[in-house]
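Architecture at a glance
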Amino acid sequence: MRFTVETTASPEQVLRAMTDFSDRRLQTWSRTLDPKRYEVRGQGDTWALAKEASPGSPFWVVARYDWSDPAVIRWTVEESSYGGTGDGVVRIEPGRDGGARLRVEWGNAGARAAQKPLLFVLHLRPMGWVVSRMWTTALNRYAESEAS
């Protein structure tokens with residue numbers, strides 16, 4: 001899956017929103033993160049290991065995040081409900097009028113045969129647009145909350 005996000009959040013705000021593994025993460029990403037299946041398993045200054053799932057999704061992952069380069073957030077799936085792995089990257093660039101542009105890519109590999117059709121559907125182009133809109137909304141709200 002590949003998509004671009006244009007947000008009013010600054011690159012610094014995007015980095016904070018995407019790498020905050022405190023309870024605020026559940027608030028920031030409320031439409032895309034299931035609080036019942038969210039669990040931080042470890043974290044440091046530029047990394048975190050967390051179990052995450054989207055509300056209503058049959059899938060969950062345990063992903064290791066790394067943001068040692070503040071302009072790039074990477075994750076690697078270490079464990080999943082679909083039996084496979086995956087990875088992703090978010091490249092954060094300055095956007096228009098103080099906002100940011102994110103270039104996002106992620107994929108899955110090695111899923112069980114029974115799970116492959118659903119994962120394929122999740123990575124179709126329209127789904128990228130849906131995820132992009134949800135991320136844009138979450139990041140814009142985050143920027144507004146920091147401004148008030």
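Residues numbered from 1 in each chain as written. Predicted model: local features only at pLDDT ≥ 70, side-chain atom pairs only at ≥ 80, totals over all residues. Heavy atoms only, no water.

**Description of the nonpolar core**
- By size, the foremost hydrophobic cluster in this structure holds 30 residues, and its most contacted members are Val-90, Leu-102 and Trp-135.
- Among the elements of the structure, β1 (2-7), α1 (11-19), β3 (47-53), β4 (60-69), β5 (72-80), β6 (85-94), β7 (100-109) and α4 (125-147) are those that each provide at least two residues to this core.
- Here this core takes six residues from α4, the largest share from any one element.
- Those residues in contact with Val-90 that sit more than four places away from it in its chain are Met-18, Ala-71, Val-72, Ile-73, Trp-75, Leu-102, Arg-103, Val-104 and Trp-135. (Core = buried A, V, L, I, M, F, W, Y, C linked by side-chain atoms within 4.5 Å. Buried < 20%, exposed > 50% of the residue type's maximum accessible area, 1.4 Å probe, protein only. Helix = DSSP H or I, 4+ residues; strand = E, 2+ residues; numbered from the N terminus. Contact = heavy atoms within 4.5 Å.)

**A few points about the pattern of salt bridges**
- Counted under the stated rule, the structure contains nine salt bridges.
- Put simply, Glu-6 and Arg-101 hold a salt bridge, and the shortest N to O gap is 2.5 Å. On the criterion of sequence distance, the pair formed by Glu-6 in strand β1 and Arg-101 in strand β7 is long-range, its members being 95 residues apart.
- The class of Glu-6 is partly exposed, set by a relative accessible area of 32%.
- Note that Glu-39 is salt-bridged to Arg-41, the shortest N-O span being 3.3 Å.
- On the basis of relative accessibility, which here comes to 38%, the residue Glu-39 falls in the partly exposed class.
- Three or more residues are tied together by salt bridges with common partners; here these are Glu-39, Arg-41 and Glu-79. (Salt bridge = Lys/Arg side-chain N within 4 Å of Asp/Glu carboxyl O.)

**Some details on the packing of aromatic side chains**
- Applying the stated rule across the entire model yields eight aromatic pairs.
- Plain terms: the ring middles of Phe-3 and Trp-106 are 5.9 Å apart, the flat faces sit at 80° to each other, and that makes the pair edge-to-face. Placement of the pair is Phe-3 in strand β1 and Trp-106 in strand β7, with a sequence separation of 103 residues.
- Using a relative accessible area of 8% as the deciding quantity, one classes Phe-3 as buried.
- Exposure remark for Trp-106: the relative accessible area of 22% places this residue in the partly exposed category.
- Centroid distance Tyr-65 to Trp-75: 6.1 Å. Interplanar angle 40°. Geometry classified as tilted. (Phe/Tyr/Trp six-rings, centres within 6.5 Å; stacked < 30°, edge-to-face > 60°.)

**Some thoughts on the environment of Ser-81**
- By secondary structure assignment, the location of Ser-81 is in the loop between β5 and β6.
- Given the relative accessible area of 18%, Ser-81 is considered buried.
- Separated by 21 residues in sequence, Ser-81 and Trp-60 place their C-alpha atoms 5.5 Å apart.
- Polar contacts involving the side chain of Ser-81 include one to the main-chain amide nitrogen of Trp-60, which spans 2.9 Å. (Polar contact = N/O pair within 3.5 Å; in protein donor to acceptor, adjacent residues only side chain to side chain.)

**Things to note about the environment of Glu-39**
- Here Glu-39 is to be found in strand β2 (residues 39-43).
- Counting along the chain gives 18 residues from Glu-39 to Phe-21, while the straight-line C-alpha distance between them is 9.2 Å.
- Non-local contacts of Glu-39, meaning those with residues more than four positions away in its chain, are made with Leu-49, Ala-50 and Lys-51.
- Among the polar contacts made by the side chain of Glu-39, one reaches the side chain of Arg-41 at a distance of 3.3 Å.

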